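# Per-entry structural report
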Amino acid sequence: MKLGVVGLPNVGKSTLFNAITKAGAQSENYPFCTIEPNIGVVDVPDKRLDVLAQMYDPDKITPTHVDFVDIAGLVRGANKGEGLGNKFLSHIREVDAIVHVVRCFVDENVTHVDGDVDAIRDMETVNLELIFADLDTVEKRKDRASKLIKTGDKQYKAEVEVLEIIQKALEAGLPARAADLNDEQQLIMKSLFLLSSKPVIYAANISEEEVGASEDSLPLVAAVKTAAKAEGAGVLVICAKLEEELSSLEPAEKNEYLKELGLDSSGLDRLIVTCYDLLGLMSFLTAGKKEVRAWTIKKGTKAPQAAGTIHTDFERGFIRAEIVSYNDLIESGSMAVAKQKGLVRLEGKDYVFQDGDVVLFRFNV
């Protein structure tokens, strides 16, 4: 999973990225500080691995991970090459989902590219650049497909129909993901790799003074929530500066600080888990003395394909999966006891994996 962190210059993108990855991405008070995208690999927080590790005492613990890409700040006219726009847009095209950081704090010491803070205007600026870039892509693709209809190939007729629906949405100022398409048409849109078709979560970046305040009492956050709801996107309120401070602390200190703030988890943990869910992903687990590990799969994945995430031979020679739910295993105290209680199941090729399944695959190649 690759997530692109986008937004206007000086909204807190690189500060947030620093906190996420501890990779030291540049974060300075001037536009276009970030030119080439910084990439950081981040573990997906999963407390179940720690609990299983206590049970199995493994040689290694391996969580699943997310790639975060810090993409340079967009400005108005990026789709026409303003700033370093075309390069930025190409980086966005390569990610699975977008974390759109929106400035919801006021600080006279931090320059705003448009002179003042206006969360809705900032959202629209970035979104319109993606929409304009997509319009150009759609128009070119439609011209090409329209000419190829004459070959008699039905796929081009279906493609033109989808492109026309998407074009209407884009011309109305809506992202491609808002186009009213059925499942088959969604597959055609997916093949277009449109920027505005990607799932989005808005990260409303607040000041440290506002942490713990009721979100409804923060006018800029409330405005972002209303706008996001209208386009079917999610919102996560976060303080990038606080997250950067937390990322420098040892785990025990971090947990203590979060308790003092009245928070159950860091904003980064919530962001990663939310994005994981945004893409319809989940984890199954494998556990033994050699390794306790989480594996990422799409929700709805069947047993052989889940096995294939470990190794293609597992999918090719799949026989069955020996499965116990994480909760049943922990309540039992060991795999042996779970088997005695009849909680360990043998599942075949049609079994649809559930989040937290602890599994041993049986295969023969």
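These lines cover the structure that appears in this document, whether it is placed above or below.

Conventions used here
- Residues numbered from 1 in each chain as written.
- Predicted model: local features only at pLDDT ≥ 70, side-chain atom pairs only at ≥ 80, totals over all residues.
- Heavy atoms only, no water.
- Helix = DSSP H or I, 4+ residues; strand = E, 2+ residues; numbered from the N terminus.
- Buried < 20%, exposed > 50% of the residue type's maximum accessible area, 1.4 Å probe, protein only.
- Polar contact = N/O pair within 3.5 Å; in protein donor to acceptor, adjacent residues only side chain to side chain.
- Contact = heavy atoms within 4.5 Å.
- Phe/Tyr/Trp six-rings, centres within 6.5 Å; stacked < 30°, edge-to-face > 60°.
- Lys NZ or Arg CZ within 6 Å of the ring centre and 35° of its normal.
- Salt bridge = Lys/Arg side-chain N within 4 Å of Asp/Glu carboxyl O.

### Digging into the side chain of Glu-231
Structurally, Glu-231 is set in the loop between α7 (219–230) and β7 (234–238). Classification of Glu-231 by relative accessible area gives buried; the value is 17%. Within the structure, Glu-231 has its side chain in polar contact with the side chain of Tyr-202 (distance 2.9 Å). Setting aside residues up to four positions removed in sequence, Glu-231 forms contacts with Asn-127, Arg-177 and Tyr-202.

### Focus: the packing of aromatic side chains
As enumerated under the stated definition, the model contains 8 aromatic pairs in all. Here the aromatic rings of Phe-284 and Phe-361 are separated by 5.9 Å at their centres, their planes lie at 90°, and the arrangement is edge-to-face. A residue pair is termed long-range when its members are at least 10 positions apart, and Phe-284 in strand β8 (residues 281–287) and Phe-361 in strand β12 (residues 357–363) qualify at 77 residues. Both residues of the pair, Phe-284 and Phe-361, belong to the buried class. Look at Phe-318 and Phe-361: their rings are 6.3 Å apart centre to centre, the planes differ by 65°, and that puts the pair in the edge-to-face class. With a gap of 43 residues between them, Phe-318 in strand β10 (residues 318–325) and Phe-361 in strand β12 connect regions that are remote in the sequence. Here Phe-318 matches Phe-361 in class, with each residue buried. Above the face of the Trp-295 ring, Arg-293 is positioned so that its terminal group lies 3.9 Å from the ring centre.

### Considering the pattern of salt bridges
Side chains carrying opposite charge are able to pair once their charged atoms draw close together. All chains considered together, the criterion is met by 17 salt bridges. Linking Glu-322 and Arg-362 is a salt bridge whose minimum nitrogen-to-oxygen distance equals 2.8 Å. In this pair, Glu-322 sits in strand β10 while Arg-362 sits in strand β12, placing the two residues 40 residues apart along the sequence. For Arg-362, a relative accessible area of 35% gives the class partly exposed. Each of Asp-46, Arg-48 and Asp-355 takes part in one network of salt bridges that share partners.

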